[in-house]
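# Coordinate analysis (summary)
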Amino acid sequence: MAVTEAQVIELLRRIKGPDLESNIVDLGLVSEILLKDGRVYFSITVPPERANELEPLRQAAEKMVSDLAGVAGVTAVLTADVVAGSRTSGASTGTQTRSGGGAPEHPRVSQARSGMQGANGKGAAPGQQPARPAPAGVPGVRHLIAVASGKGGVGKSTTAVNLALGFKALGLKAGLLDADIYGPSQPKLLGLSGQPDVVEGKTLKPMEGYGLKVMSMGFMVDEATPVIWRGPMVVQALNQMLRDVAWGDLDVLVIDMPPGTGDVQLTMAQQVPLSGVVIVSTPQDLALIDARKGLNMFKKVDIPVLGIIENMSQFICPKCGERTDIFGHGGAKEEAIKLDIAYLGGVPLDMEIRSSSDAGKPITALQPESLLAQVFVEIAAKTWSELEASEGTRAEPPELEIADDGGSLKITFDDGHAAQLSAEMLRVMSPSAEVQGHSEAQRVTVGGKKDVTIKELSGIGNYAVRITFSDGHNTGLYTWSYLNELAEEKDERWAAYLAELKEKGLTR
Ligand code: ADP
């Protein structure tokens, strides 16, 4: 029989808390219980300075639950709530705060309290946005985006990797940090194995997969034996993966969060200088309710919610192409509208996604022309646009006009400045993976496009345009910022292209 959360909680009530009087459940120290394939995951909140001393408590809790019939394994971790005086201290009063009964206050309670007072704990006027205490940034990394879900199994990790590859396909420098400590899956999804090299001292060099810089706890510990990893605190591990890794220059680092919206996720989110969070949800009602919980969690700590991605939104029959709304398509979209957040797009349920993931060959990188890859690239473009909107840097759509019988594109930007780019230049500098490859070394120099023309422009929301050329190429998604870059650096880029052609013995 499947184990239930109630059974686990009942057992954990037998474990005495650090005060040696009441039990850890009644003290409010146990996080949400996550059950996945017979495995049980939970965290116990302890004051950070007592983490080592309380290791036996963790072990006892783990042992207690593993004896339960039907439990295949247990992972209990000690987490530290943020303590006054540390970087994000304002957001929470910490585990050391005592409520009336003398028990440590549960972080969720502290959180709700700080939400009421304003996240900086000083109190905000009604309707006034509380200031978010900003954790230190990661040098060289422009934006950190978390991918979260209300629960496991909704395709969060699959979405995270394809979103990162989607950013890559838009010409952005992207990385992926697998912070799903319960089940790091990015090494498998990207077909990566081995361990990262140490560059200097304790700094690690991220691994590289399909042009993404990647770091995962999965590189550090054997998936089957998460033992080594249990001891250190979750947040500490996250901070190490974030700050002791030579990420280099990145436009965006996508963080695959652990599933769920409990204290672990909350603490992690607060420790990281997030530019925003993306929520992945399946269309089922239940998942939507969970997603809403997730949204509230991030809203409470004042992290911009960039939007919701609906995964497994519909089934497209591989034989006849017919679309079936197995779960009731559109639920997430309606929900997003209701909650006043952006709907970033829907990813169909498709066996190609599963099989390519299983094989470590992510679809966005390896089948860039496929419909599914395009779905992810469009989601990435929309996410980027939401990010720009949340920082107040989003450009209004320019006016686009095909000129010279398709020989060029006239662009009038929102601020009035105009540019004209040749179809040839746009074609050979397409941001598509076909042209850009997975790394600088793989980038293709496209020659022989002197006579190419623009056949069609199709707007992708109000953040990018897809250009179809006379040679059939149509997988490049040109964001406004990319068009602006091309316009601003027109002469240098064109000269560099001509030099490259010459060097490679190619002609226009
Ligand atoms: P999570 O990170 O939310 O636990 P995963 O990304 O690991 O979820 O996905 C769970 C399973 O569902 C994996 O086997 C994955 O290949 C599959 N999957 C995810 N998204 C899709 C999809 N759109 N179509 C088909 N299979 C999917």
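Above this text sits the structure in question.
Here the residue index of a chain counts from 1 through its sequence in written order. Selection of residues for local features in this predicted model requires a pLDDT of at least 70, selection of side-chain atom pairs for listing and counting requires 80 or more, and totals for whole chains, interfaces and linings are taken over all residues.

### Considering the overall build of the protein
Starting at the N terminus, helices and strands are each numbered in turn, a helix being any DSSP run of H or I of at least four residues and a strand any DSSP run of E of at least two. Helix and strand content of the protein: 18 helices and 20 strands. We call two residues in contact when their backbone-placed C-beta atoms lie within 7 Å. In the protein, of all internal contacts separated by at least 6 residues, the share reaching a separation of at least 24 is 69%.

### Let's talk about the site of the ligand
Surveying the vicinity of the ligand reveals 18 residues, the closest of which are G155, K156, S157, T158 and R354. Going through the elements one at a time, α4 (156-169), β12 (305-316), β14 (343-349) and α12 (351-358) are the ones with two or more residues in the shell around the ligand. Of the residues in the shell around the ligand, the class split is six nonpolar, nine polar and three charged. Throughout this description, a residue near a molecule or strand is one whose C-beta atom, derived from the backbone, lies within 6 Å of it. In this count, Pro and Cys sit with the nonpolar residues alongside Ala, Val, Leu, Ile, Met, Phe, Trp and Tyr, while Asp, Glu, Lys and Arg are called charged and the others, Gly among them, polar.

### Section: unusual backbone geometry
Despite not being glycine, Y210 has its phi angle at roughly 50 degrees, a positive value. Relative to the elements of secondary structure, Y210 occurs in the loop between β8 (207-209) and β9 (212-216). Notably, D405 is not glycine yet its phi reads approximately 50 degrees, a positive angle. For the exposure call, what matters is how many other C-beta atoms sit within 10 Å of a residue's own: 20 or more marks it buried, 12 or fewer exposed, and in between partly exposed, using C-beta atoms placed from the backbone. The exposure class of D405 is exposed, given the 9 C-beta atoms found within 10 Å.

### Things to note about the pairing of strand β10 (residues 250-256)
Most of β10 sits out of view: six of its seven residues are buried. Pairing between two strands requires that DSSP report at least two bridges joining them. Here six bridges tie strand β4 (residues 141-149) to β10, and the two strands are oriented parallel to one another. Each bridged residue has a counterpart across the sheet, and for I145 the counterpart in β10 is V254. In this structure, strand β5 (residues 174-178) lies alongside β10, joined through five bridges in parallel fashion. Looking at the pairing, G175 lines up with L253 of β10.

### A closer look at the packing of helix α1 (residues 5-12) against helix α2 (residues 55-66)
The axes are straight lines fitted to the C-alpha atoms, using for helices just the contacting stretch, and the angles between their N-to-C directions are given from 0 to 180°. In the contact formed by α1 and α2, the axes pass within 9 Å of each other and the chain directions differ by 135 degrees. Classified by the angle between their axes, α1 and α2 sit oblique to one another. Relative to α2, the crossing made by α1 is right-handed. Packed against α1, whose contacting residues are V8, L11 and L12, the element α2 presents A61, M64 and V65 at the interface. For the contact of α1 with α2, a count of residues per class yields six nonpolar, no polar and no charged. What sets the label is the angle itself: under 35 degrees gives roughly parallel, over 145 gives roughly antiparallel, 65 to 115 gives roughly perpendicular, and the rest give oblique. Crossings are assigned a handedness: left-handed for a near helix turned anticlockwise from the far helix by less than a right angle, right-handed for a clockwise turn.

### Digging into the nonpolar core
Defined on buried residues, the nonpolar core groups Ala, Val, Leu, Ile, Met, Phe, Trp, Tyr and Cys residues joined through C-beta atoms within 7 Å. Within the largest apolar cluster, 121 residues are counted, with the highest numbers of intra-cluster contacts made by V147, A164, V254, I255 and V277. No other element matches helix α14 (residues 371-391), which puts nine residues into this core. When neighbours within four sequence positions are excluded, V277 is seen to be in contact with I145, A146, A148, F298, I303, V305 and L306.

### Looking at the sheet that holds strand β17 (residues 418-422)
Across the sheet, three strands lie side by side as β15-β16-β17; this open sheet has antiparallel pairing. In the strand order of this sheet, the two ends are held by β15 (399-403) and β17, each with one partner. The average angle at which neighbouring strand axes cross in this sheet is 20 degrees, direction not considered. With five bridges joining them, β15 and strand β16 (residues 408-412) adopt antiparallel strand pairing. Bridge assignment links A403 to a residue of β16, and that residue is S408.

### Points about the packing of α4 against α14
Closest axis-to-axis distance for the α4/α14 pair is 8 Å, and the angle between their directions is 80 degrees. By the angle class used here, α4 and α14 are roughly perpendicular. On α14, the residues touching N162, L163, L165, G166, F167 and A169 of α4 are F376, V377, I379, A380, T383 and W384. Residues that form the contact of α4 with α14 fall into these classes: nine nonpolar, three polar and no charged.

### Points about the sheet that holds strand β20 (residues 477-479)
Strand order in this open sheet of three strands is β18-β19-β20, and the pairing throughout is antiparallel. Pairing within the sheet leaves two strands with one partner each, and these edge strands are β18 (454-460) and β20. This sheet shows a mean twist of 30 degrees between the axes of neighbouring strands, independent of strand direction. Sheet topology places β18 next to strand β19 (residues 464-469); six bridges connect them, and they run antiparallel. If you follow L457 over to β19, its bridge partner there is I467.

### Re α14
To estimate how far a helix should extend, the number of its residues minus one is multiplied by 1.5 Å. Here α14 is 21 residues long and its end C-alpha atoms lie 30 Å apart, about the 30 Å a rise of 1.5 Å per residue gives. Within α14, 15 of the 21 residues are buried, which leaves it mostly tucked inside the rest of the structure. Phi for G392, located one or two positions after α14, is positive at around 75 degrees.

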